[in-house]
Protein chains: 2
Amino acid sequence: MPLGEKYAGDKSKSRYCGVETDFDDDIPNLLSFNLHGGFDFLLATLMDPDYRPSLLDDDKRRSRALPFAGSDLVMSPSQWSSHVVGKISAWIDMDSEDETIREDSEIALKQEIAWASHLSLQACLLPTPKGTSCANYARCLNQILQNLGSMQLWLRIPLDKSEDDEKEASPNHLREGQTDSWELWNSFRLLCEHHNQLSVSLDILSSLPSPSSVARWFGEPVRAAIINTNSFLTNARGYPCLSKRHQRLTTAFFNHSIQIVISGQPVHNVPSPSGLTSENQVEGGWRHPLRPYLDYLAHLYKTMDPLPEQERFELGYRDYLQSPLQPLMDNLEAQTYEIFEKDTVKYSQYQRAVAKALMDRVPDENASSVITVLMVVGAGRGPLVRASLQAAEETDRKLKIYAVEKNPNAVVTLHSLVKLEGWEEIVTIVSSDMRNWEAPEKADILVSELLGSFGDNELSPECLDGALRFLKEDGISIPSSYTSFVQPVTACKLYNDIKSHNDLVHFETAYVVKLHRVARLAPNQPVFTFTHPEYSTKKSNQRYKKLRFDIQSDTGSTLVHGFAGYFDATLYKDVHLGIEPSTATPNMFSWFPIFFPLRTPICVQPGTPLEVHFWRCCGSTKVWYEWCVTSPAASPVHNTNGRSYWVGL
Amino acid sequence: MPLGEKYAGDKSKSRYCGVETDFDDDIPNLLSFNLHGGFDFLLATLMDPDYRPSLLDDDKRRSRALPFAGSDLVMSPSQWSSHVVGKISAWIDMDSEDETIREDSEIALKQEIAWASHLSLQACLLPTPKGTSCANYARCLNQILQNLGSMQLWLRIPLDKSEDDEKEASPNHLREGQTDSWELWNSFRLLCEHHNQLSVSLDILSSLPSPSSVARWFGEPVRAAIINTNSFLTNARGYPCLSKRHQRLTTAFFNHSIQIVISGQPVHNVPSPSGLTSENQVEGGWRHPLRPYLDYLAHLYKTMDPLPEQERFELGYRDYLQSPLQPLMDNLEAQTYEIFEKDTVKYSQYQRAVAKALMDRVPDENASSVITVLMVVGAGRGPLVRASLQAAEETDRKLKIYAVEKNPNAVVTLHSLVKLEGWEEIVTIVSSDMRNWEAPEKADILVSELLGSFGDNELSPECLDGALRFLKEDGISIPSSYTSFVQPVTACKLYNDIKSHNDLVHFETAYVVKLHRVARLAPNQPVFTFTHPEYSTKKSNQRYKKLRFDIQSDTGSTLVHGFAGYFDATLYKDVHLGIEPSTATPNMFSWFPIFFPLRTPICVQPGTPLEVHFWRCCGSTKVWYEWCVTSPAASPVHNTNGRSYWVGL
């Protein structure tokens, strides 16, 4: 029985709640007990915990079935797969000093996973590595992962990091007495090369690490969070509840499609509706002993803030990599124009900027006599023409507009629009690339929307350089400047999607992507700024920026898969437009962030700066970025000579 | 005029000595001056040092030739390429804070390298990076390297590392005030992805870093060593000479085909042969002012220890990667047998072992009555049969020999040999795989030579397990045990050769290779040991070993490209055979070391342990190794399931 429905058609996996059970060889009964109790699936031990391969002699091994809990006769494979996550024996210790334990562990692990595959389980829960070393465990699991079908393996990891001051003194991150469980996970998945069937199940303890430490996990493939009953507090009426921090964390799990599993014995004396305590009777019948915990989670789920409409619209784009548009080299399609024209917030910002510029340029007393020449360069199907006209109307200024557009298909639409709206007296349509157009007069105001997710990545600087010839010396460019920003992120999902292409090109491409399953590791920093108009004779659109990020020390170690990029543009004076998270224009949907991947993820230890370099390089036919890391260790320079990714001029 | 000839036909590049010169636009004269003075090539500045692109206005830039020293008319391209290494302007500073200097640097660097390519120079010397940061320099050079033809670029790096105790406290290896020039080089080449046209020219200063720090460079692509005249001492007669450490270093350069270049002004008042000082006159004429330095180097070259014959024979195999033999799965060819049979040292060790075993097994009083049954398993073309018979003769013991061989082609040779030598009474030839043979009686002594470079890698354990059935319970196996060893190495050349295949398989294969251009970073440690006979019921030939290497702290940071592997075998009691360097059997040539590469080289900072794991895994049809690193950072597990490299059963 799902926890609830956040909105009509809610399909989030996190609606389903599981329960961890002990070994029971009457598995059909165990399942029906818990399904009736309100849970959606079991985390069930598959094999008798007393089993050890080395205790069997050869004869027994040949004649006896393995001591599994139930078979595919007591429940059908479809029941198994929809309601059971297999729990691999907890005694398994692949990195024990004792060779017999190691060998028993390897045999049992392989037997249990083979059995789970036989039952078509969707996932198995793997026991937490016992010590600080996990190489043999990872080696064995990596062997299994190579031939696993579609089953997921959830490695059980406690959400645990004690704040250890001595830590920074030791650069060896697999030292004895390691206390940051994320490092254990990190070693494990590096050994297994980020295998996409290896994921995490977090054990939520009663105390939580620092928020920045916890935040790392949202860039990782966490599939489940197991909350023990003793992590719950008790409210005034005796019911279980979670601390504020646990609540926020649980809500974040819900938002990231992470399934909750309740574990442990009931430890709250919840009054039954009839006034008797500790009874599993409710009006009309029986109640599951863990039901109060489940009810509390359902309550949390149902009272979450509803997802804003725009976010709901963008659900399907989350963490989905797209190649950036090449609007200069390619001609956009009608439907692309249509989608972007719907972004009313963007155009109202332009309208505000044009209005302010008109007021500054033409004093009230000249409003009726002076005609301002405004050129929209890259007019597309006309939304900026409309915004400019509305600004003129609003401020009572007179305009003469040139609408310059290089896409002949869009020019067709522009002509219809001008006729339809009766703008023929005011608007002149020019079918030309702004870089070549010989303008009949100079402009007071140049309006353009040539910005990409990273500001200059759709070649706004090069286009506006071309248009500078026909801007008056005291003329205004809207936008007047724009700056790109980056920040390091953990983004396991994106990394794996890129890796699946198995080539260099995809690792040296920047992607437009609605970032969701990412951990942002440090605040954004500005990268490149362009200002218009720019009359300097030595001007160049090449740029080089060296950045140093200091990751908050209570975060612990982190793995950087790449850099999230954004922009902010000053349209005119205080009117800005942008997606840089701390200053983003609300309710705008024209731009998702950009993502620059790293070919090899880089592990950053606490106290070590992350030093990053970005270049904007210009050739005769293309513009491209190169990027690299030089601290804590040097990476290759990515995208040398724009070999993998470039924007055509 | 080469420095000398170490042996007949000496073709080492290091016979040629160069001289660094200042800018001179009469380059033909400069060249002939130095060639007559005894040098073989110039390190010559290509461009007027006053040139700065930003000082030229556009008109000048278009109408004026660049101020290069000479052209391809004053000297032919073949003269340029055989006698000149181009020195790129020393003022170039790609990572300056000053944008104009950066831009000038990039333009000049590209112009000079293009010019050097035009002249078909074999190499250019790049100026030392100015600060601790080199990312922009590396980015630009990396762009150049992508389209460079065949020219080498030698990055000039001072051989410099001050012993800084504070160092270990800072895990950031590109920190301010960096003092280990190796780290600068390391960042540079990581940024340029180990490009094989990027190499090093070391500036040798008057003081040298610790031996282990200097040793790192012998795993790097060092092409030249520039010795300044002020690094020379003065001997009793006033002549220049080098300190003992400098001498040893120079000799090591000679041995590694690293060319010496003399630089600087003459600073020694060398008496001229006529008794006058400071004159450039010799009997019969003129003497180059740097000639005493050159003469000293020629003296060093000529008085080097001559290369032992075996080393000379192996010159062609140095750093050449070979796939290990698969003698079990494949049948060896006659010429392979012939080569290995020439290793007389190996067979005399076997003869000693058999002799000792015979003496132990048969007391003198029974020598004439007892016949010892000796089986040679894997007899090949018979060398161990011969060695055993010689041992019997030497000790006056009686033998009955079974020569078991699975290669039917070798069996043909065996039959001829037995007939030729008249051994028919003593030797029984068995054409069978020892794992299947039904022996008519049991053996006292089992002799085999199934060892690979890594001991067990040619499946000696599996073969001898198969032969155990026909060894008497108190029987002797020769060898009685063997152990493999590994040590971490820097091996840039091997890494690049593997990388050139551009696939995963080659990075997950172990190679047999005569290691030469490697830096051994820590002493060997034992990995796997096998003992024969082994009667334990639970025996398995799977192995797992975790190793921890502590790199000597005065070494500084190092880059580990992989692991060199060796073996040592105990044939019988104190008679051993092996290639582990500290105990290697002298003058044996049957085995080169083995090399296990790492897919991504791992940088190890001082004070950080290197933790490595090796597995020997056994399947039903094959045996393979897996390996990984877990500290300082986790690598992928290499060769999972033997997907890239395995030995067939």
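Note that the structure is a prediction, hence the values are computed from the model and not measured.

Visitor: Looking at this structure, how should I read the interface of chain B and chain A?
Guide: One frequently used descriptor of interface size is the decrease in accessible area upon assembly of the parts. With 44 residues of chain B in contact, the opposing surface of chain A contributes 43 residues. Taken together, the two surfaces of chain B and chain A that pack against each other cover about 3,600 Å², and 52% of this comes from carbon and sulfur. Taken as a group, Arg139, Leu191 and Glu193 of chain B account for 13% of the area that chain B buries against chain A, more than any other trio of residues on that side. The tally of links from chain B across to chain A stands at four salt bridges. Ionic pairing is found between Arg643 of chain A and Glu193 of chain B, a salt bridge with its closest N-O pair at 3.2 Å. Remark: the boundary between chain B and chain A carries 16 residue pairs in polar contact (both at pLDDT 80 or more).

Visitor: What am I meant to see in the side chain of Lys346 of chain A here?
Guide: All names here are of chain A. Structurally, Lys346 can be placed in helix α12 (residues 344–361). With relative accessibility at 3%, the residue Lys346 sits in the buried group. Here Lys346 is in contact with Phe340, Glu449, Leu577, Met588, Ser590 and Trp591, once residues within four sequence places are set aside.

Visitor: What is the right way to read the domain arrangement of chain A from this model?
Guide: Residues and elements named next belong to chain A. The domain architecture assigned to chain A consists of domain 1 (13–164 + 174–305), domain 2 (334–449) and domain 3 (481–648). Here domain 2 and domain 3 have C-alpha centroids that lie 32 Å from each other. The partner domain 3 presents 14 residues to the 13 residues of domain 2 that form the contact. The contact between domain 2 and domain 3 buries some 1,200 Å² in all, and 65% of this surface belongs to carbon and sulfur atoms. Considering only the side of domain 2, the residues that lose the most area to domain 3 are Asp343, Val345 and Gln349, jointly responsible for 35% of the buried surface there. Summed over the shared surface of domain 2 and domain 3, the result is two salt bridges. Applying the counting criterion to the domain 2 and domain 3 interface returns six residue pairs in polar contact (both at pLDDT 80 or more). Looking at the side of domain 2 that touches domain 3, the elements with two or more residues in it are α11 (334–341) and α12. For the side of domain 2 that touches domain 3, a count of residues per class yields six nonpolar, one polar and six charged.

Visitor: Please explain the pattern of salt bridges as it appears in this structure.
Guide: Pairing between side chains of opposite charge can happen when their charged atoms approach one another. For the structure on display, the rule yields 64 salt bridges over all chains. Residue Glu508 of chain A pairs with Arg643 of chain A through a salt bridge whose shortest N-O separation is 2.8 Å. You can see Glu508 of chain A sitting in the loop between α16 (492–499) and β19 (511–512) and its partner Arg643 of chain A sitting in the loop between β27 (622–631) and β28 (647–648), a full 135 residues away along the chain. As a salt-bridge pair, Glu193 of chain B and Arg599 of chain A come within 2.7 Å of each other at their nearest N and O atoms. Remark: Arg599 of chain A occurs in strand β25 (residues 594–604) and Glu193 of chain B occurs in the loop between α6 (181–191) and β6 (198–204); the pair is interchain, linking two chains. For Glu193 of chain B, a relative accessible area of 23% translates into the label partly exposed. Connected via shared salt-bridge partners are Glu20, Lys87, Arg156 and Asp203 of chain A.

Visitor: How should helix α13 (residues 383–395) of chain B be read in this particular structure?
Guide: Residues and elements named next belong to chain B. For α13, spanning 13 residues, the distance from its first C-alpha to its last is 18 Å, which sits close to the expected 18 Å at 1.5 Å a residue. Where α13 is concerned, the buried positions are Pro383, Leu384, Val385, Ala387, Ser388, Leu389, Ala391, Ala392 and Thr395. Tucked into the core, α13 has its buried residues touching α11 (334–341), α12 (344–361), β13 (371–377), β14 (398–405), β15 (427–431) and β16 (443–448).

Visitor: How do you make sense of helix α15 (residues 460–467) of chain A when you look at a structure like this?
Guide: Residues that lie three or four places apart on an α-helix share one face, since the helix turns once every 3.6 residues. The buried count for α15 of chain A comes to seven of eight residues, which makes it a mostly enclosed element. Along α15 of chain A, the positions that sit buried rather than exposed are Ser460, Pro461, Glu462, Cys463, Leu464, Gly466 and Ala467 of chain A.

Visitor: Before we go on, may I ask you to explain the packing of aromatic side chains in this structure?
Guide: The relative placement of two aromatic rings is captured by the distance of their centres and the angle of their planes. Enumeration over the complete set of coordinates arrives at 50 aromatic pairs over all chains. Members of the aromatic cluster, joined through ring pairs, are Phe454, Phe528, Phe563, Phe596, Phe614, Tyr625 and Trp627 of chain A. The lysine or arginine in question, Arg543 of chain B, covers the ring of Phe530 of chain B, its NZ or CZ lying 4.0 Å from the ring centre.

Visitor: Quick question: what am I supposed to make of the sheet that holds strand β28 (residues 647–648) of chain B here?
Guide: Backbone hydrogen bonds are what pair the strands of a sheet, in a parallel or an antiparallel way. Spatially, β22-β26-β27-β28 (chain B) is the arrangement adopted by the four strands of the open sheet, whose pairing is antiparallel. At either margin of the open sheet sits one strand with a lone partner, and together these are β22 (543–549) and β28 of chain B.

Visitor: Explain the side chain of His256 of chain B to me, please; I cannot follow it from the model alone.
Guide: All names here are of chain B. Relative to the helices and strands, His256 resides in the loop between α8 (244–255) and β10 (259–263). By relative accessible area, which is 14% here, His256 ends up buried. There is a polar contact of 3.5 Å between the side chain of His256 and the backbone oxygen of His516. In this view, His256 contacts Phe218, His516 and Arg517; residues no more than four positions away in its chain are not counted.

Visitor: What's the story with unusual backbone geometry in this structure? I'm lost.
Guide: Outside of glycine, negative phi angles account for most residues, and trans bonds account for most peptide bonds. Of note, the bond from His532 of chain A into Pro533 of chain A is cis; its omega dihedral lies within 30 degrees of zero at -5°. Along the chain, Pro533 of chain A falls in the loop between β21 (525–531) and β22 (543–549). For the bond from Ser631 of chain A to Pro632 of chain A, the omega torsion is 10°, close enough to zero to count as cis. Locating Pro632 of chain A in the fold gives a position in the loop between β27 and β28. One non-glycine residue, Glu193 of chain A, lies in the positive phi region at around 55°. At Asn502 of chain B, a position not held by glycine, the phi torsion is positive, near 60°. Mapped onto the secondary structure, Asn502 of chain B falls in the loop between α16 (492–499) and β19 (511–512). Judged by its relative accessible area of 71%, Asn502 of chain B falls in the exposed class.

Visitor: Whenever I open this one, the state of the cysteines confuses me. Can you help?
Guide: As used in these notes, a disulfide is a covalent bond between sulfur atoms, one from each of two cysteines. With the rule as written, the count across this model stands at zero disulfides over all chains. Here Cys134 of chain A stays unpaired: no disulfide links it, and the sulfur of Cys192 of chain A, its closest cysteine neighbor, is 8.3 Å away. Among the cysteines around Cys618 of chain B, which has no disulfide bond, Cys617 of chain B carries the closest sulfur, lying 7.3 Å off. Looking at Cys618 of chain B, the relative accessible area reads 26%, which means it is partly exposed.

Visitor: Even after reading the chapter, I still don't get the sheet that holds strand β3 (residues 84–87) of chain A, so can you show me in this structure?
Guide: Residue and element names in this part refer to chain A. Strand order in the closed barrel made by the eight strands is β1-β2-β3-β4-β5-β6-β7-β10, with parallel pairing throughout. Taking the axes of each pair of neighbouring strands and ignoring which way they run, one obtains an average angle of 30° across the sheet. Bridge count for strand β5 (residues 152–158) against strand β6 (residues 198–204) is six bridges, and the pairing is parallel. Looking at the pairing, Leu153 lines up with Leu198 of β6. Packed on one face of the sheet, helix α1 (residues 27–36) meets β1 (17–21) and β2 (41–45) and runs near 145° to β2. Of the strands in this sheet, β4 (123–126), β5 and β6 are in contact with helix α5 (residues 135–145), which crosses β5 at around 160°.

What counts, and where the lines are drawn
Residues numbered from 1 in each chain as written. Chains lettered and ligands numbered in written order. Predicted model: local features only at pLDDT ≥ 70, side-chain atom pairs only at ≥ 80, totals over all residues. Heavy atoms only, no water. Contact = heavy atoms within 4.5 Å. Buried area = accessible area lost by both parts, 1.4 Å probe. Salt bridge = Lys/Arg side-chain N within 4 Å of Asp/Glu carboxyl O. Polar contact = N/O pair within 3.5 Å; in protein donor to acceptor, adjacent residues only side chain to side chain. Helix = DSSP H or I, 4+ residues; strand = E, 2+ residues; numbered from the N terminus. Buried < 20%, exposed > 50% of the residue type's maximum accessible area, 1.4 Å probe, protein only. Domains from an automatic or database assignment. Nonpolar A, V, L, I, M, F, W, Y, C, P; charged D, E, K, R; others polar. Expected span 1.5 Å × (residues − 1). Phe/Tyr/Trp six-rings, centres within 6.5 Å; stacked < 30°, edge-to-face > 60°. Lys NZ or Arg CZ within 6 Å of the ring centre and 35° of its normal. Pairing = 2+ DSSP bridges. Disulfide = S-S within 2.5 Å. Axes fitted to C-alpha atoms, helices over the stretch in contact; angles between N-to-C directions.

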